[in-house]
Structures are given as C-alpha cells and as structure tokens.
Amino acid sequence: MPTVNVGRDRLYEALQQHYSEEEFDELCFDFGIELDDVTTEKAIIRKEKHLQEDTLEDEEIIYKIEVPANRYDLLCLEGLARALRIFTGKQGSPTFSLSSSAIQKMYVQPETALIRPYVVCAILRGITFNQARYNSFIDLQDRLHQNLCRKRTLVAIGTHDLGTLEGPFTYEALPPSEIKFVPLKQRMEFTAEELMDFYKSDLKLKKYLHIIESSPVFPVLYDSKRTVLSLPPIINGAHSAITLQTKDVLIECTATDLTKAKIVLNTLVTMFSEYCEKKFEVEPVEVISSDGNATIYPDLHVRSLEVDLAYINGYIGVSLQSKQVIDLLNRMQLPSEATIGSNGKSKIKALIPPTRSDVLHPCDVVEDVAIAYGYNNILKTLPRSLTQGKQQPLNHFSDLLRSEIAMAGFTEVLTWILGSEAENFWLLNRKHKEHTGVIVGNPRGSDFEVNRVRASLLPGLLKTMGHNKDSPRPVKLFEVSDVVLLDNTKDVGAANERHLAALYCNTTSGFEVIHGLVDRIMEVVGISNAAVGDTKGYYIAPSNEPEFFKGRQANIILNGSCIGSFGIIHPQVLANFDILDPCSVVELNIEPFL
Amino acid sequence: MVALSDKEVTKAQHVEEVILSHLQTHEEIVNSGEFAKANGLEHDLLLSVVQSLHGFNYVEAQDIKKEAWVLTEEGNSYATLGSPEVQVYKAIPLEGISREDLQKKLDVSVFKIGFAKAMGNKWLETKPLVSRKVSNVEDQVQQQLVHIRNGQDLAAADIDALKKRKLIIPLIWKGYSIRKGTSYAPKRTKAATDLTREVLQRGTWKDLVFKDYNYNALGQPTEGGHLHPLLKVRAQFREIFLEMGFEEMPTNNFIESSFWNFDALFQPQQHPARDSHDTFFLQVPEKAQFLPEDYLQRVKEIHEHGGYGSIGYGYNWKREDAEKNVLRTHTTAVSSRMLYKLAQDGFTPKRYFSIDRVFRNEAVDRTHLAEFHQN
C-alpha cells in the first residue's frame, strides 16, 4: 500500500482542526487509511542515507499515511485533506468544471504510434504556488509515476509554465539525433541521442532510459516556436520549467495506456485546481489525432451509478433509509440522489466524480456507505443458512498420524519449501537421478540459489539436524507436509504430494528405531505385515540408493507398490549437511493410505 | 559427596559402630582427637563420620578448636641441629678464624642468619679475626623449639619471637565433643530414598526409614515427542472453523496459474502485486497447460470492458499473462477454484475455509518471511 508523507501542521491547517495523534489515528482508521509512522523530514533523509543523528527540536513533524493502492485522489496532502474535510462534514464535494475560454490545441503526429501513441493535456489558469504547494505538486507526479504509471512505462507526466510557451503544440516522434534542447537542470543543449548517454550515470533517470532507448524514434513535444517541452518519459525542457511565480500550467501526459493517462490527468487537475483563480475550474485542451479526430481533455464527466437500496442494506447488514444513505455517501465524495427504479424499488443514484476512478461496480458504492456508517457500528448477527463442517480427508488423516508420531517420542519440525539445487540433489548424493522438479524463475536472495521447490522432506530434516548439533541425544524429528512433483495430468503441470519423514540421530544409528517407527505407522493405520511379494499389506525390501548406507536401507512396499524408503544416511551425505553423529531417516508418501 | 570405595565404606562403618556403642554407655566423648587416638582411629575419618551421624541426628556434635604451634621445616632443623647462631658460635675455634674460612665451614643460610644473630647477641668479636667474645652460650632457641615439638607451652613473648623468625606457625586443630542426638540408636539404619519393588514384595518397607524429599527442587523433566507450536495453533483454528460449519478446501497445490491466482479474482494484469518483486514466477513448469476456456473468455471480457454492473479496467487482457505459473500468493486462489466448481455443480449455501502455506517474493525481516501460513 502506498504511503503519503504530509507535514502534520500543514495537514491540520488544511483540516481546519487540530487533533491529538491518537484522535487523528482514529480518524484515519474510521476513514479506511492508516497513520503508519510519525517522523520528521530530516529523519527520513537520515534513514535514506543511513546516518545516525539526534533529532533537533524544530524539525517539521511528518505523518506517513498509508492509503489504498487504488485511491489516486489520496496521494497528496490536498486530496487527503479534502477527503477528510468532506468526511467530517466540514464541506461538501467540489464540482469540477471546464472553462470555455480559448482552447489550446495539441496535434499528434502519426509516428508517435510507433513508440507512445497517446497524449492528453489540460491547463490550470491563474494558479498560485508557494514552496509547499510546489513540493506537493512535484511529489504527486512522482507518486503517480511510481504507482499507476508503472514507473513511467504506461504514462509519463510533463508540467510546464505556459507563459514561456506558445501554442498550438505538437506531439511528435523523431529520430533522436534530430531532437535538440536544454533539459531541466542543465545549461547546455543536448540531442536526445546524447542525453541517453548523459543520463546513464544519473541515479534517478537511468531507470527510464530503457523505455525508449531502442526505438528509432523518440517521443517529443514542441510548441509553435519549436521549443521542446519535454522528451517523455525521461525529462522536461529547462525552457518551460515551472517556478513559484508561474501562473498558468500546461500538463501533458503521454502514454501507452489511454485509460490510465486520463486517470493521471484527472488526478492532477482535480487536486491542484483548488489553487487556481477560479477554484476547481480547468481549462481544456483539444487533442487532434493524426487521422483528424479531435478530443477535448480533461474528461471530467461525472458518471452515474444506480444501486438498489435493498442491495446496499442487504450487503452491509443494516436497514437504512434513502436519505441516510445519501448523507453517508455525501461524506465520501459520492453525491447521490434517491430515485425509483423501473421495477418500483428504491434506488440510489450515485454521481461518481472524476476523482473516484476506483469505483467500478455498485459494490464499491456499498463499501463507501459502510465506511461512512462505520464498520464497528454494524450489528453482528449469525448467518441464517445452515451448513455442515467438513474436513479434507487428507488433512484429517495427516493430523491423526502426526499425533501418533509425536506420541512415539518424535518432535515435529516445520521446514522451508524453497531450497537450493544442491540441497535437493547433490548434497543427498542423488547425482544420477533425473533432478528435474519445480524451479522458480525469480528467486529472492543475492546469489539466486534458493530456486527449487522441494520434492522431498529429507533436506529440511537434515538441515535442521545440522543446525542443532548440540541438542541432547537422541534427536528424534519428524514432519508431515507437502512436497511438489511435476505432473502432466494437472492443469498447471505440477501437483503436491503429502509426505511423512522422520529422523533419528544419536551416537548409534537408530536404524531399528526408524524401522520400528515404520511398523508403528502401519500398525496405527491398520495395515498388516505381509510376506515379500504379497500384493496386500506391507513388507520391507532391501534397496540400494546412494543417499543411504549400503546394507542398511530398504524400500517400503504397500499393496505391491513402493511408497517410500528408510535407512541409515550415508556418511558422505552426513558430512554434506555438517552432521557429526549417525542418523537414520524414513520418508514415505502417505496419500496411498487413503 | 565423593563416592567411597567398598574398603572405605567398611572402615567408616567400623568407626560409626565404635562411636555409637561408646555413647551407649558414656554420656559424652569429650575430645574427638583423644578418642580417636585411644581407639586407634584416623581422626579425619572420625570427623567425617561424626558429621554424617550429626546430619541424621544420631549424635549431637559440638565444635571444639585448639590452637597449637608447629615447627616449620627451618624450625625443625634448628631443633635438631641447634639454632644457627649457636652453630656459628660452635664453629669458631678458640684461636679465632677468618671470616671466609668460617663461611666455608657452614651452610650458606646457617652462616648468614647465624652470624647476624650471634653478632646481635654480642657473642662475637670480628677483629682481627672472628672469635668468641663470651665463653659460653645457652641455646635457648633450640630448647624452645624442642618444647614446641613436644607439645608444651611457651611464654607469649618467646612465641612471638619464634613466629617472627618464621620458625613456628600456628595450627588450628578442630574436633568435636560428641553426645547422643535426638535420633540416637546404637546402630545406624540406612534411610531409604524410594519404595522399590524389592522392599514392596518382601514387605521390608514397613521397617524402613525414608529420607526427606526435597519439595523445593524441580521434578524430573518429561521426555517424549512434541507437536510444532505453529501447527498446534493451526489445529485450533481448524477446530473453530469446523465447529462453525465451515468446509475445508483442498489446498494441496502450491503451484497455481496466474489465471486462478489473479485474473479470476479480478486483479488486473498490470497490478503491482503481480510484479516479480512480489510474486514467485516459475521457470519449470512455466505455463499452465489447461485453463477453462469459456470461463477464460468471460474473465477477459470483464477485465477489458466490464460487465455484471462493473465498468471493467479498460486495458488489453493478455492470455500469456494468465498462463504464467506462480507459487500461490494467497489461498484465495483456491477459493476462486471452489467458487467456479460450486457454480458448475449447482449452487447451495457453503462456508469454506483453508489454512495453508503461501509464498511472497518480498524482503525478509523479523516479522516477514517468504513462505508463511494464511487462512
């Protein structure tokens, strides 16, 4: 979940109310966000740079607030404060409008389709920035770039001082050598080609080079005087850089996903138009595509979503009247009205503003009603439908077996499912067996060793033993848990298998102890000992596997098939796992018992 | 307590018998040292026996302490050979002797100490030769040392002098005076520690005295097997769900396709949770080979265009993304399979639960692992 850093005092000022930390914490919780951490600006920087310094008294207190990942309207102080003011009833939801004054135009060239087909734009007129607002503006762009824009791959934002530019504008895609401008923070002119090189050493920007690097044409925006506005998604031009004195802001979002570009543009303008001369008014821009189609942006239309009152009440478990529901939704920035549906039933018509792109379905409206009502206020009731409890037979059986083995004096362990190739094969002397199995493509870890899903419980037991050499003897361990094997009959190509494994370690090998455990397992499951070759019951057949000691190992044959084996672990394997005392183990598949 | 050999045990028993039988007819053993001597017993052994008898209240022992003086090695040699100053005196012939010759006649330390002492006593003349100044000397020091050796007393001043010359050291002698104790018996009966089969079956338990049990120490730690604590909690959760009428879902499949793990649950394909830094994607087996085709089409439609009241996500849904196998990131993946099955089989009210392992490719810290259990 993304976190937003807001200055506490600025926030309280915007909320027009002072809260204690506990009170604010509760307010957040009621609204569905979380006050994650309280820190200071300098402390954040210190943490990033791994410095140890004392806090100075006069550092600004920063609240780190965690917001849902789909609420782009809560990613900045402006949006958060507005939402909370509306939630606490201090104001109603704003209505956003488009001004009808002279419309700027953005012409899209066809080559852009090769690399970054879409562009949407808007203008904020008569805006007043101060340092805090400016920082907030930049921060929001950063956050959007990280989240919704998927690190600028889907959408890239450029913001410009319109006063330094002259429309109409063009969105083009040109060979990199033909694009020349002074980028932000520089004084010299660069070609786009040179910039690709130049930014390879820039910690922040080098991450985005790959998005356009290998394309024959780079996206670029020009004004009518061929001033470069920006080279998306890399960097804006220095010419149109916004300062605290800027009055008119042009916002352009280039994208490979039009839906997301529109959401990004809407988020920026709805959040910051509150600082415009005409509050909440946005000046539109006409985008003309290469085939002549013209669209006005931003698209601030209000959707309406009709929801049955009965659906709302039934889903949440309350009995609210239409008026109550409307009051609640008003506090959630979803102004609504009551209507009657064609079936004569009461309905709520919710008007979804452009800030709420997260509302996709009536259930989202219901969720907001519930939040405004207060989850803790919903009366708890018992469901009226009758169902029967039921266990999975395999799990029930596993639990019975586990108890029996613990009663036999063995201690249960719970080991990792992910491990290395070495642990799963070579360290067990299983060199010549086909060591295929499930392999993870993106393992975590610096040396990428932990990339195998276990096909046996033995590595886990042996590792546990190796790490507990000082435990009093005898050590008796067991585990009943799943391993994963490749399986062509399954839709995903692999299946779990429930195994049981036990280990005995002492100054003597305990081979007969493990053998005794095998007999005991058969006894409690109710399988009788049979003669060698019988197809009913179980018998032990000597085996010759590399992980075990010669002459002290066997297969367990149940109803004619081998279900597992036991034996003294081979000294080489013991050395591989750093175990100094003799061990005997058993591993078997318990699914055939069912 | 150090274990005693059999020979030592019988010796100790003998000493015990002597003491106990003596007390039968005598009120008190005044001095253990003298008693030991009189009866030919080792005093040290007698002391330990008395301690043991005292511990069981067979006797009551009072400490007695005597301070005695004993000769050091040096003191012993002077007692035998005479004090060094007298030795020096005796080594000087009547006509006198040169210092070097005198030195050669005597032991190095005897000369050194003796000469200085003799000079101090004004027994010697040094010029022109070393000669006797007085005609006779008495070896008082030797007499004193012999007194001490014989166990006789000396005047305090003499004791101090000898002590100063490090010829004697104090010796503290400890012993007991012994009387009958509260549990006195002429013969010691062994206290038993446990009721054994032997005494039970023989009936001899009736005659036994039992040692007190120490209730303040802990008992013997139990042996046996153990169930894993996390799995014990899991068992309790399972019981709660079952009691409430929930049916357990079959979750024995760690490998899941992205379709069931994400897409069927309406999680869009560009969602951050599907990133490689949150999800483990598989190299082998890389893709799911079968997916329910008509359901897949409906899922695709909803993602792209919406439906059933939703406006959808408005992006191009890709089949290849849905086919990618993952280590399941939540057991909700199983829930989605179960709901699909329920819809196929015909709907009835159901309550489902599961508790099993899930996998997340996130940074491991003290409260987060890459594999964990989820309800």
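If you're wondering where the values come from, they're calculated on a predicted model, not measured in any experiment. What you see as residue numbers is a count from 1 along each chain, following the sequence as written. A letter from A marks each chain and a number from 1 marks each ligand, given out in the order of writing. Given that the model is predicted, a residue must reach a pLDDT of at least 70 before its local features are reported, and side-chain atom pairs must reach 80 or more before they are shown or counted; all residues, however, enter totals for whole chains, interfaces and linings. Side-chain descriptors were evaluated using all non-hydrogen atoms of the structure, hydrogens and water having been removed beforehand.

Looking now at the interface of chain B and chain A. Two residues form a contact once any of their heavy atoms are found within 4.5 Å. Between chain B and chain A, the contact holds 65 residues from the first and 65 residues from the second. Across the interface of chain B and chain A, roughly 5000 Å² is buried in total on both sides, 53% from carbon and sulfur atoms. The term salt bridge refers to a side-chain nitrogen of Lys or Arg lying within 4 Å of a carboxyl oxygen of Asp or Glu. The salt bridge involving Asp399(A) is made with Arg238(B); its shortest N-O contact spans 2.9 Å. Pairs of N or O atoms within 3.5 Å make up the polar contacts considered here, provided that, within protein, one atom can donate a hydrogen while the other can accept it, and that residues adjacent in sequence are counted only when both atoms are side-chain atoms. For the interface between chain B and chain A, the tally reads 36 residue pairs in polar contact (both at pLDDT 80 or more). In this text, helices come from DSSP runs of H or I with a minimum length of four residues, and strands from runs of E with a minimum of two, each type numbered from the N-terminal end. Of all the secondary structure elements, the ones that give two or more residues to the side of chain B that touches chain A are helix H11 (229-243), strand S8 (247-248), strand S9 (255-257), strand S10 (282-284), strand S11 (325-327), strand S13 (356-359) and strand S14 (371-374) of chain B. Examining the composition of the side of chain B that touches chain A, we find that 5 residues originate from one element, H11(B), more than from any other. Class assignment for the residues of the side of chain B that touches chain A results in 29 nonpolar, 23 polar and 13 charged. Strand direction decides the pairing type here: strand S22 (residues 439-440) of chain A and S10(B), joined by 2 bridges, are antiparallel. Bridge assignment links Ile439(A) to a residue of S10(B), and that residue is Val284(B). Here's the idea: put two parts together, see how much 1.4 Å probe accessible area each one loses, and the total over both is what we call buried area. Put simply, Ala, Val, Leu, Ile, Met, Phe, Trp, Tyr, Cys and Pro go in the nonpolar bin, Asp, Glu, Lys and Arg in the charged bin, and everything else, Gly too, in the polar bin. When DSSP finds at least two bridges between two strands, those strands are taken to pair.

Let us look at a nonpolar patch on the surface. Residues and elements named next belong to chain B. Together, Leu195, Leu200, Trp205 and Phe210 make up an exposed nonpolar region whose accessible area comes to about 390 Å². Within the fold, Leu195 resides in the loop between strand S6 (191-192) and helix H10 (197-202). Take Leu195: its relative accessible area is 46%, and that puts it in the partly exposed class. Without a salt bridge and with relative accessible area above 30%, a residue can belong to a patch; like charges are then joined within 9 Å and nonpolar side chains (Val, Leu, Ile, Met, Phe, Trp, Tyr) within 5 Å. Per-residue accessibility takes into account occlusion by the displayed protein chains alone, with areas from the Shrake-Rupley method and a 1.4 Å probe. Only protein chains enter the accessibility calculation, which uses a 1.4 Å probe; a residue whose area is less than 20% of its type maximum is buried, one above 50% is exposed, and one in between is partly exposed.

Turning our eyes to something else, we now look at the packing of aromatic side chains. Planes of paired rings set the category: under 30 degrees apart is stacked, over 60 is edge-to-face and the rest tilted, where pairs are Phe, Tyr or Trp rings (Trp by its six-membered ring) whose centres lie within 6.5 Å. As enumerated under the stated definition, the model contains 29 aromatic pairs over all chains in all. Geometrically, the ring pair formed by Tyr313(B) and Tyr315(B) is tilted, given 6.2 Å between the ring centres and 50° between the ring planes. A residue is classified by how much of its surface remains accessible, and Tyr313(B), at 23% relative accessible area, is partly exposed. An aromatic cluster is present here, built from Phe129(A), Tyr134(A), Phe137(A), Phe272(A) and Tyr275(A) joined pairwise through their rings. Lysine NZ or arginine CZ positioned within 6 Å of the ring centre and within 35 degrees of the ring normal marks a charge as sitting over the ring. Lying across the ring of Phe87(A), Arg331(A) places its NZ or CZ 4.8 Å from the centre.

All right, on to the domain arrangement of chain B then. The domain boundaries assigned to chain B delineate domain 1 (1-66 + 168-210), domain 2 (73-164) and domain 3 (247-374). The domain boundaries here were taken from an automatic or database domain assignment. On a C-alpha basis, the centres of domain 1 of chain B and domain 2 of chain B stand 49 Å from each other.

All names here are of chain B. Taking 1.5 Å of rise per residue, the 13 residues of helix H3 (residues 43-55) would be expected to cover 18 Å, and the 18 Å separating its terminal C-alpha atoms lies within 8% of that figure. For H3, the full list of buried residues reads His43, Leu45, Leu46, Leu47, Val49, Val50 and Leu53. Lining the buried residues of H3 we find helix H1 (6-25), helix H2 (32-39), strand S2 (59-71) and strand S5 (168-180). Where H3 ends, the next residue or the one after it, Asn57, has phi of about 65°, a positive value. To estimate the expected span of a helix, count its residues, drop one, and scale the result by 1.5 Å.

All names here are of chain A. Spatially, S1-S3-S2 is the arrangement adopted by the 3 strands of the open sheet, whose pairing is antiparallel. Two strands bound the open sheet, and with one partner strand each, they are strand S1 (3-7) and strand S2 (34-40). Going from strand to strand, the sheet's axes swing by 25° on average, the running direction of each strand aside. Here S1 runs beside strand S3 (residues 61-66); their pairing, made up of 5 bridges, is antiparallel. Bridge pairing links Gly7 to Ile62 in S3. Angular values range over 0 to 180 degrees, each being the angle between N-to-C directions of two axes fitted as lines to C-alpha atoms, with helices fitted over their stretch in contact.

The next point concerns the pairing of strand S16 (residues 294-297) of chain A. All names here are of chain A. Sheet topology note: the strand S15 (residues 281-288)/S16 ladder contains 4 bridges and is antiparallel. The partner of Ile288 across the bridge, within S16, is Ala294. Between S15 and the antiparallel strand that follows it, S16, lie 5 residues; Gly292 among them carries a positive phi value of about 95°.

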